[in-house]
Amino acid sequence: MASNTMFAATFMVLCLVSCASAHNITRLLTDYPEFGLFNSLLSQSKIADEINRRMTITVMVVDNASASALSNLEADDLKKVLSIHVILDYYDDAKLSKLSKNTTLLTTLFQSSGVANDRMGFLNYTKRKADNKLLFGTAQPGAPLSSAFVKVVAVRPYNISVIQVTNAIIPPGLGGNPQAVPVSPASPPPASAPEAAPGPADGPVAESPDDSADAPTPSADAPAADAPAADSPADSPADSPTKSTADSPTASDDESDKSSAGKAMVGAASLMGALVLSALW
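Read on for a plain summary of the structure. Predicted, not measured: the structure shown is a model, and the values here were computed from it.

**Quick look at the overall build of the chain**
Inference 1: Looking only at helices and strands, the chain features nine helices and seven strands.
Inference 2: Counting only residues that meet the buried cut, the chain has 28% of its 281 residues in that class.
Inference 3: In the form shown here, the chain has an accessible surface area of approximately 19,100 Å², with 59% of it arising from carbon and sulfur atoms.

The following block contains the structure:
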């Protein structure tokens, strides 16, 4: 009885472990026809079997248009590229966003193959500060961040996570890929419109003088102003008399008047003397 009980307990534990870890990536992606080509390539390359054997894993998938770039790869190169899209840990958008570092190296299934070199078995994950976009690229030196997170497709916490990215990640030089194209940079914020210059203050606006229109013209009936004689001397403190010299008598006029008066008196005296003499005679 004791042995039967032990056997039953062991069987139940194995069943629980098997059910907890069992997932089938092929069946999971069947519900999403937009990833049908990528799902077919996973099965064709046997990478789907590797995924199903893992207990904790993240699969990065691309839509049919982006997966077409993988269709022409040789079988060996296809297996390498697809294994780069399988991360050996569970990540969804929440966990990626909460990573303490903006740039982190993620270990892929290709790294576990033992044939990866030059850090080709790692993914460079970066959260771009400019727009908080989640970017991915091969961790090879100088390789660009060529793919971006789109959405979570399906999850079974914390066993498997399927996330969509924009482009397939093909390391430079693998499968004839010369150089991956980096994700377009973040758009700059729109420039703020310049503030309008303040208008003139309310109130009457001063008009510029117009010499021809506004200047007063002398009326025809107005008396003409006496213009000062050009030869008249300017008044100065030295000129004590306020009247002009033409109006004041001069010294020579006084002397001539006195001379005339004297002559008149002499004449009168002479006349009277003659009359007296005449009377005596």
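Picking up where we left off.
**Quick notes on the environment of A154**
Inference 1: Structurally, A154 is set in strand β6 (residues 147-156).
Inference 2: Note: C-alpha distance between A154 and L29 (125 residues apart in sequence) is 8.7 Å.
Inference 3: Among all residues touching A154, those that are not within four sequence positions of it are L28, Y32, I160, S161 and V162.

**Quick look at the sheet that holds strand β1 (residues 57-61)**
Inference 1: The seven strands lie next to each other as β2-β1-β7-β6-β5-β4-β3, forming an open sheet whose pairing is mixed. Taken across any chain shown, the strands that pair with only one partner, and hence form the sheet edges, are β2 (86-87) and β3 (103-107).
Inference 2: Alignment of β3 against strand β4 (residues 122-127), held across five bridges, turns out to be antiparallel. Of the residues in β4, the one forming a bridge with T107 is F122.

**Re the pairing of β1**
Inference 1: In terms of burial, β1 is largely enclosed, as five of its five residues are buried.
Inference 2: Of the two faces of β1, the one lined by I57, V59 and V61 and the one lined by T58 and M60 are each fully buried.
Inference 3: Pairing between β1 and strand β7 (residues 160-165): five bridges, direction parallel. Opposite I57, over in β7, you have I160 as the bridge partner.
Inference 4: Taken together, the two bridges between β1 and β2 define a ladder with antiparallel strand orientation. Paired with V59 across the bridge in β2 is V86.

**Quick notes on the pattern of salt bridges**
Inference 1: As enumerated under the stated definition, the model contains four salt bridges in all.
Inference 2: Put simply, K80 and D76 hold a salt bridge, and the shortest N to O gap is 3.4 Å. With K80 and D76 both in helix α6 (residues 75-84) and four residues apart, this pair spans about one turn of that helix.

**Points about unusual backbone geometry**
Inference 1: The omega torsion across P157 and Y158 is -10°, close enough to zero to call that bond cis.
Inference 2: Within the secondary structure, Y158 is located in the loop between β6 and β7.
Inference 3: You will see that K46, though not glycine, has its phi angle at about 70°, which is positive.
Inference 4: By the element assignment, K46 lies in the loop between α3 (36-44) and α4 (47-53).
Inference 5: The backbone of N132 shows a phi angle near 60°, a positive value even though the residue is not glycine.
Inference 6: With respect to the secondary-structure elements, N132 resides in the loop between β4 and β5 (134-138).
Inference 7: On the accessibility criterion, N132 (51% relative accessible area) is exposed.

**Remarks on the packing of aromatic side chains**
Inference 1: The tally for this structure, following the rule as stated, stands at three aromatic pairs.
Inference 2: Their ring planes at 45° and their centres at 5.5 Å tell us that Y125 and F136 sit as a pair that is tilted. Placement of the pair is Y125 in strand β4 and F136 in strand β5, with a sequence separation of 11 residues. There is no split in this pair, since Y125 and F136 are both buried.
Inference 3: One residue, K95, lies across the ring of Y91, its end atom 4.7 Å from the ring centre.

So, how was this worked out
Residues numbered from 1 in each chain as written. Predicted model: local features only at pLDDT ≥ 70, side-chain atom pairs only at ≥ 80, totals over all residues. Heavy atoms only, no water. Helix = DSSP H or I, 4+ residues; strand = E, 2+ residues; numbered from the N terminus. Buried < 20%, exposed > 50% of the residue type's maximum accessible area, 1.4 Å probe, protein only. Areas by Shrake-Rupley, 256 points an atom, 1.4 Å probe, with all protein chains shown as cover. Contact = heavy atoms within 4.5 Å. Pairing = 2+ DSSP bridges. Salt bridge = Lys/Arg side-chain N within 4 Å of Asp/Glu carboxyl O. Phe/Tyr/Trp six-rings, centres within 6.5 Å; stacked < 30°, edge-to-face > 60°. Lys NZ or Arg CZ within 6 Å of the ring centre and 35° of its normal.

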